[in-house]
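# Breakdown of the fold
What follows is the residue order along each chain.
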Amino acid sequence: MNRRFAIKTIAALSVAAFAAACAPMMDDGDDIVDIAASNDDFSTLVAAVQAAGLVETLKGDGPFTVFAPTNAAFAKLPAGTVETLLKPENKDQLVAVLTYHVVPGAVTSDQLAGKRLSVATVQGSNVHIDGRNGVKVDNANVVSADIIATNGVIHVIDSVILP
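Summarised in this report is the structure supplied together with it. (Residues numbered from 1 in each chain as written. Predicted model: local features only at pLDDT ≥ 70, side-chain atom pairs only at ≥ 80, totals over all residues. Heavy atoms only, no water.)

## So, the pairing of strand E1 (residues 64–69)
Among the 6 residues of E1, 6 are classified as buried, and the element is accordingly described as predominantly covered. Every second residue of E1 is oriented toward a common face, with Phe64, Val66 and Ala68 on one face and Thr65, Phe67 and Pro69 on the other, all of them buried. Taken together, the 3 bridges between E1 and strand E2 (residues 102–104) define a ladder with antiparallel strand orientation. Looking at E2, one finds that Phe64 is bridged to Pro104. (Buried < 20%, exposed > 50% of the residue type's maximum accessible area, 1.4 Å probe, protein only. Helix = DSSP H or I, 4+ residues; strand = E, 2+ residues; numbered from the N terminus. Pairing = 2+ DSSP bridges.)

## A word on helix H3 (residues 43–51)
Structurally, the α-helix is built with 3.6 residues per turn, so residues lying three or four positions apart point the same way. For H3, the full list of buried residues reads Leu45, Val46, Ala48 and Val49. Down the axis of H3, the smallest arc covering the buried residues is 160 degrees, so these residues share one side. Buried-residue contacts for H3 involve helix H2 (32–37), helix H4 (55–58), E1, helix H5 (71–75) and helix H7 (91–99). (Arc of directions from axis to C-beta. Contact = heavy atoms within 4.5 Å.)

## Considerations on the pattern of salt bridges
Taken as a whole, this structure holds 3 salt bridges when the rule is applied. Residue Asp31 pairs with Lys59 through a salt bridge whose shortest N-O separation is 2.9 Å. Within this pair, whereas Asp31 is found in the loop between helix H1 (2–22) and H2, its partner Lys59 is found in the loop between H4 and E1, the two being separated by 28 residues in sequence. A residue is classified by how much of its surface remains accessible, and Asp31, at 8% relative accessible area, is buried. The residue Asp130 makes a salt bridge to Arg132 at a minimum N-O spacing of 2.8 Å. Bridged by salt links that share partners, the residues Asp31, Asp34 and Lys59 form one connected network. (Salt bridge = Lys/Arg side-chain N within 4 Å of Asp/Glu carboxyl O.)

Listed below in structure tokens is the structure:
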């Protein structure tokens, strides 16, 4: 009888440990900018947010949903695009591109599952979201979802989306 109890206890603890390991990244007190800045895969995005003067906005209360392109996503753009956007004289265009990646409110992937939506971005245009087979935002795939921040949610995407 004790052996059966011990086996059940070990099995239950194993399931709990596995579930905890598979859980999405939980909020440890960091906002959207802090989380992005702490991940080398977002160094281009962080540089762009800084050049656009959007750091304080994205550190604000929100909540925001950010579709965050990785460095590899930015690398898919035509040669010289990122460098051109980062120039001070192109700040308005950079702001437009970056704010097109932001939706007001905190939207998690389970809220998008099975749905097709057209959602207004902070930039003002609508972004098209298709959650019927994974989650796709315009021409980008969400490759990692539901990174929870104190002021919203980050979904990592594999392409830069343009207004």
